[in-house]
Amino acid sequence: MCGIIGCIGEAAAQPFLIEGLGRLEYRGYDSAGVAIWNGKDIETRKTVGRVSRLAATLNDSPIDGDTGISHTRWATHGAVTEQNAHPHFDDSGRLALVHNGVLENHKALRDGLIERGHNFVSQTDTEVLAHLIGETFDISPVQNREALVAAVKSALGQALGTYGIGLLHADTGRFLIAARKGSPLIVGFGDGGQFLSSDVDAIADWVNEVVYLEDGDIAALDGDHFEVHRVSGEEAATPAPVRVEAPPVREGKGRYAHFMHKEIHEQPETLREAMKGRFDREGATATFSGLQRTNEELREWHRIVLTGCGTTYHAALAGESLIEAMARIPVECEYASEFRYRNVPLDSRTAVFAMSQSGETADTIAALRESKRKGAPTLGICNNVISTIARESEGGIGLRAGLEIGVAATKTFTSQVVALSMLGLLLGRIRDLPHAEGMDIIRGLESLPELVARVLELDEEISHIAAKYVSARNFLFMGRQANFPIALEGALKMKEISYIPASGYPSAELKHGVIALVNDETPSIFLAPQDGVYEKNLSNIEEVKARKGPVIAVGTEGDETLASLCDDVILLPQVPDFLAPVLNVIPLQLFAYHTAVALGCDVDKPKNLAKSVTVE
Ligand code: AGP
């Protein structure tokens, strides 16, 4: 993962590097560092922890210079220590390098370098690259910029795995090199200078145009000029820059203590946005201009594969039953992290939807590329519509949820489920879903924002319930049918932000093993709305109660049976079954949130996580 910012500025580099890094913290936040050319040497500062700590260090001890690179880390190789924080240096201490990605052959390369007398100070895979480049550059007869590019080419030619790198050398001064394979890297051009960044948003305030580097590109920048070379040695045309859209509005936390809480409460609005202008009442259907498919082409699809990771995978699971029910077309969900190793059967009539909030999840990008290779139509469902997935897919659906800053996804989950419901409606209406049922679905979806707003009014009540269970050391989440993915999602939210072990199961699986965990200290959260499997859920709740397990149930308003059976109930408005997943997840988001707050956890930046997982 990790985030990279580089800058050759008209003015001091340090403020750009720090501000840009802050915007990339969603990619990792365990340590951070900068290296700046001070006109003679390269000075560096590194700190363990957030970018704000690095900023404080630089405040006390600034570095003067207009050319620099910086990095915010999510540890892959080597513990979270100052030595392992980037930038890394070669033996001369004159070459500094930052890296996002994983070098798969770092061990063999490191062994060779050690044999040739190099000294390593970190346990990272990255330091290998610094030594490898430095070694070739140092023996070059003329140590100029061309020689540095050649050294980078030679080193990257030996590297297996993924990388986005930025580097500078004290002997080549106002000069930056960037290269990528697998990890994103962007070069930006603005009035204040030239920039490198892991994403566009981090530098969008300072640049007018950007170039998205391709895999195998090596870019060389000197503040005025920009040229591209290829690791393979083949000729490369310098790509034409593209104009940058206005960056998304960065709002603060407002009246909320955490972004996650704010984002949970934004859901009525984000759901409205997800649906705005996308219903065709005459045809009782949904429309997505971004899909770029005619109805005839959509009718060709005989199977759909939804792929994504984490919370997004849970949204896919919820969407699977919704689409199948509405469109009667088989849907399969695949973990994107497994996809390319599973040899998923695909063909030109199986549409693959690569789903991702960030659009930068490495596993999901790989699944998209694998699907393309196999000739399947590839579509994206992304919140970030200027992301790699959005760019590389043939068309797609934008979620329009706005920036999601809390690492735990909330508002984008409900937008994903709604987008999939609308996709089900569209595919159903060009097959055999009747007009009247299409209209019922539209009316139901349109009522969701108001219903979600009503559920959010239970926030305080849910915080009191959460307070009763903060000492629990394990939670079980249960749901049936489309509520099973919601149980999985509730458990994931709890684990991510409160660090309490939690697992989600289909309620009926209880007696096949999970019931062994039930005791008076293990609360079970049941999703038990008054739907077709209500009675079945009641039986499962009885089974837990018979073993003294505390039960918190999410049910339907006015359900006194549930209230008398369970220790605590959260009662929601009665809705048609296809709307229940979106409504039911809200109390689980709030329950996890209030539990984490009560435990004093860092809700927006949980330990060990990053918002966007850009390594395999
Ligand atoms: C969600 O709370 C997690 N942070 C994580 O599971 C996330 O959903 C997953 O990494 C996928 O991210 P994406 O949607 O940006 O691809």
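Up top you'll find the structure we're talking about.
My aim in this report is to walk through the structure given alongside it, one point at a time.

What counts and what doesn't
- Residues numbered from 1 in each chain as written.
- Predicted model: local features only at pLDDT ≥ 70, side-chain atom pairs only at ≥ 80, totals over all residues.
- Heavy atoms only, no water.
- Near = heavy atom within 4 Å.
- Polar contact = N/O pair within 3.5 Å; in protein donor to acceptor, adjacent residues only side chain to side chain.
- Areas by Shrake-Rupley, 256 points an atom, 1.4 Å probe, with all protein chains shown as cover.
- 1 Å grid on protein atoms, 1.4 Å probe; cavity = no way out; pocket = protein on both sides within 12 Å on 5 of 7 lines; lining within 4 Å.
- Sits in = over half its atoms within 2 Å of the grid points.
- Core = buried A, V, L, I, M, F, W, Y, C linked by side-chain atoms within 4.5 Å.
- Buried < 20%, exposed > 50% of the residue type's maximum accessible area, 1.4 Å probe, protein only.
- Helix = DSSP H or I, 4+ residues; strand = E, 2+ residues; numbered from the N terminus.
- Contact = heavy atoms within 4.5 Å.
- Points joined across faces, edges and corners; volume = space filled by probe spheres on them.
- Nonpolar A, V, L, I, M, F, W, Y, C, P; charged D, E, K, R; others polar.
- Salt bridge = Lys/Arg side-chain N within 4 Å of Asp/Glu carboxyl O.
- Arc of directions from axis to C-beta.
- Phe/Tyr/Trp six-rings, centres within 6.5 Å; stacked < 30°, edge-to-face > 60°.
- Axes fitted to C-alpha atoms, helices over the stretch in contact; angles between N-to-C directions.
- Parallel < 35°, antiparallel > 145°, perpendicular 65-115°, else oblique.
- Expected span 1.5 Å × (residues − 1).
- Domains from an automatic or database assignment.

The next point concerns the site of the ligand. Among the 14 residues in the neighbourhood of the ligand, the closest are listed as Thr312, Ser356, Gln357, Ser358 and Thr361. A distance of 2.6 Å separates an oxygen atom of the ligand from a polar atom in the side chain of Thr312. Take Ser356: an N or O atom from its side chain is 2.6 Å from an oxygen atom of the ligand. Bound to the protein, the ligand loses 92% of the 410 Å² it would expose on its own. Judged by the fraction of its atoms near the pocket grid, the ligand is located in the second largest pocket.

Take the nonpolar core next. Formed by 92 residues in total, the largest nonpolar core has its most connected members in Leu306, Phe353, Phe475 and Phe591. In terms of residues, this core owes the most to one element, helix α19 (residues 580–598), which gives 11 residues. Here Phe353 is in contact with Leu291, Trp301, Ile304, Val305, Leu306, Thr307, Leu379, Ile381 and Leu423, once residues within four sequence places are set aside. Judged by nonpolar contacts, the second largest core, of 29 residues, contains Ile133, Leu167, Ala220 and Val231.

On to the layout of surface pockets. Approximately 780 Å³ is the volume attributed to the largest pocket. Within the lining of the largest pocket, the residues separate by chemical class into 11 nonpolar, 6 polar and 14 charged. The wall of the second largest pocket is formed by 25 residues, among which Cys309, Gly310, Ala610, Lys611 and Val613 lie closest to the centre. Secondary-structure elements contributing two or more residues to the lining of the second largest pocket are α9 (310–327), β19 (350–356), α11 (362–373) and α16 (484–498). The greatest single-element share of the lining of the second largest pocket, amounting to 3 residues, is contributed by α9. Looking at the lining of the second largest pocket residue by residue, the class counts come to 11 nonpolar, 11 polar and 3 charged.

Under the defined criterion, the tally for this structure stands at 35 salt bridges. Note that Asp215 is salt-bridged to Arg180, the shortest N-O span being 2.9 Å. Of this pair, Asp215 sits in the loop between β11 (209–212) and β12 (217–221) while Arg180 is found in strand β8 (residues 176–181), placing the two residues 35 residues apart along the sequence. Taking relative accessible area as the criterion, Asp215 reaches 31% and is therefore assigned partly exposed.

Those residues of helix α15 (residues 459–468) not exposed but buried are Asp459, Ile462, Ser463, Ile465 and Ala466. Taken around the axis of α15, the buried residues stretch over an arc of 165°, which confines them to a single face. Among the exposed residues of α15, those oriented more than 90 degrees off its buried face are Glu460, His464 and Lys468.

What follows is about the side chain of Arg180. Exposure remark for Arg180: the relative accessible area of 8% places this residue in the buried category. Here Leu213 takes part through its backbone oxygen, which lies 2.9 Å from a polar atom of the side chain of Arg180. Arg180 has contacts with Tyr163, Gly164, Leu185, Leu213, Glu214, Asp215, Gly216, Asp217 and Arg369, leaving out every residue within four places of it along the chain.

What follows concerns the packing of aromatic side chains. What describes a pair of aromatic rings is the distance from one ring centre to the other and the angle between the planes of the rings. Per the counting criterion, the structure on display carries 8 aromatic pairs. A centroid spacing of 4.9 Å and a plane angle of 80° characterise the contact between Phe16 and Trp206, whose relative ring orientation is edge-to-face. Taken as a pair, Phe16 in helix α1 (residues 14–23) and Trp206 in the loop between β10 (193–197) and β11 lie far apart in primary sequence, 190 residues in all. Here Phe16 falls in the buried class, since its relative accessible area comes to 19%. Judged by its relative accessible area of 14%, Trp206 is buried. Between the aromatic rings of Trp301 and Phe353, the centroid separation amounts to 5.8 Å while the plane-to-plane angle is 80°, which identifies the pairing as edge-to-face. Remark: Phe353 occurs in strand β19 and Trp301 occurs in the loop between α8 (295–300) and β17 (303–308); sequence separation between them is 52 residues.

What follows covers the packing of helix α13 (residues 411–429) against α19. Two elements in contact, α13 and α19, have axes separated by 10 Å at closest approach and are oriented at 170°. Comparing their axes, α19 and α13 come out roughly antiparallel. Packed against α13, whose contacting residues are Phe413, Thr414, Val417 and Val418, the element α19 presents Val582, Val585 and Ile586 at the interface. Considered class by class, the residues forming the contact of α13 with α19 number 6 nonpolar, 1 polar and no charged.

The terminal C-alpha atoms of α11, which comprises 12 residues, lie 16 Å apart, in line with the 16 Å expected from a rise of 1.5 Å per residue. α11 sits mainly inside the fold: 9 of its 12 residues count as buried. Of the positions making up α11, those classed as buried are Ala362, Asp363, Thr364, Ile365, Ala366, Ala367, Leu368, Glu370 and Ser371. Tucked into the core, α11 has its buried residues touching β17, α10 (336–342), β19, β20 (378–382) and α12 (388–392). Backbone geometry just after α11 places Gly375 at a positive phi near 85°.

Counting across every chain of the model gives 3 cavities of 30 Å³ or more. Of the pockets and cavities examined, the largest cavity occupies roughly 120 Å³. In terms of lining residues, the largest cavity is bounded by 15 residues, among which Pro529, Thr556, Pro573, Val575 and Ala580 are the most central. For the lining of the largest cavity, the secondary structure elements donating two or more residues are β25 (551–556) and α19. Looking at the lining of the largest cavity residue by residue, the classes come out as 8 nonpolar, 5 polar and 2 charged. Approximately 90 Å³ is the volume found for the second largest cavity. Ile186, Tyr212, Glu360, Ile386 and Arg391 are, among the 16 residues lining the second largest cavity, the residues nearest its centre. Of the residues in the lining of the second largest cavity, the class split is 7 nonpolar, 4 polar and 5 charged. A domain split of the lining of the second largest cavity shows at least three residues from each of domain 1 (3–243) and domain 2 (250–452).

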